[in-house]
Amino acid sequence: MQLKRIAEAKLPTLFGEFLMVVFEEKNGGKNHVALIYGDITHHNPVLSRIHSECLSGDALFSLRCDCGFQLQSALMTIVKAGSGVLIYHRQEGRNIGLSNKIRAYALQDIGLDTVEANHYLGFSEDERDFTFCADIFKLLNITKIRLLTNNPLKVKILNKNGIKIIERISLVVGRNFNNSKYLNTKAEKMGHILPIENK
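Reference entry: report on the structure contained in this document. For every chain, the first residue of the written sequence is number 1, and numbering continues from 1 onward in sequence order. Whole-chain, interface and lining totals are the exception, using all residues; otherwise, since this is a predicted model, local features are given only for residues with pLDDT of at least 70 and side-chain atom pairs are given and counted only at 80 or more. In computing side-chain values, all of the structure's heavy atoms are included and hydrogens and water are not.

**Description of the sheet that holds strand β3 (residues 31-37)**
Going by this rule: Strand pairing is defined by DSSP finding a minimum of two bridges between the two strands. A run of H or I in DSSP becomes a helix once it reaches four residues, and a run of E becomes a strand once it reaches two; helices and strands are each numbered from the N terminus. Working convention: axes come from line fits to C-alpha atoms, limited for helices to the stretch in contact. Angles between N-to-C directions cover 0 to 180 degrees. Contacts: residue pairs with any heavy atoms within 4.5 Å of one another.
Ordered by their spatial adjacency, 7 strands build an open sheet running β1-β2-β3-β5-β4-β6-β7, and the pairing between neighbours is mixed. Every other strand in the sheet has two partners, leaving β1 (3-12) and β7 (164-169) as the edge strands with one partner each. For this sheet the average axis-to-axis angle between neighbouring strands, irrespective of direction, equals 25°. As paired elements, strand β4 (residues 46-52) and strand β6 (residues 144-148) share 3 bridges and run parallel to each other. What sits directly across from valine 46, in β6, is isoleucine 145. Lying over the sheet, helix α6 (residues 131-139) contacts β1, β2 (17-25), β3, β4, β5 (84-89) and β6, oriented at roughly 70° with respect to β1. Strands in contact with helix α7 (residues 152-160) are β4, β6 and β7; relative to β7, the strand with the most contacts, it is inclined by about 165°.

**As for the pairing of β3**
Each regular strand shows side chains that alternate between the opposite faces of the sheet. Put simply, the test is: Exposure is judged per residue with a 1.4 Å probe applied to protein chains only, and the accessible area is read against the type maximum: over 50% gives exposed, under 20% gives buried, and values in between give partly exposed.
With respect to burial, β3 is a largely interior element, 6 of its 7 residues being buried. Here β2 folds back onto β3, and the loop between the two strands holds 5 residues, one of which, glycine 28, carries a positive phi near 110°. Direction of pairing for β3 relative to β5: antiparallel, over a ladder of 5 bridges. Bridging across to β5, leucine 35 finds its partner in leucine 86.

Right, here's the structure in full:
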């Protein structure tokens, strides 16, 4: 187990009241968060979302990605369902960090797509480690989930690490003029299950 559970408290939000549970990496000390809505102890599988940190999209309302739209939609979907968990996975910019993400944005501004920009900076297209998320589910005593995602890699890694995906639920929201190329690249080069538009 790479994480330990260290703190929790109620978190009232615009969407409803969640229990915010904080986890800490045993090596490195970075924190990750689970937002739990309702009673998940008697729901098996648990409606879940893994949301990777995106400062620009989640907090600054960026239209360059679909992250902020997905975060809000996932929270609303969980509340509407009556219970569920959202893991806030603190690996900014597909785990290349904020400064490198902004460098990648600058490369995109001159014509590279997101995958090309990451490669130019010396990274793979996706540096995230979803095994941390599998550990969070285990620490919450969750072994079966219905996962809100368009990313088959999450499904594959969670299944491999002991979390059974009973259902994958699409989360296609927030397409606009600014992020259409970004979304098309996720579909064409990263295997995300998304429609390809404006070609």
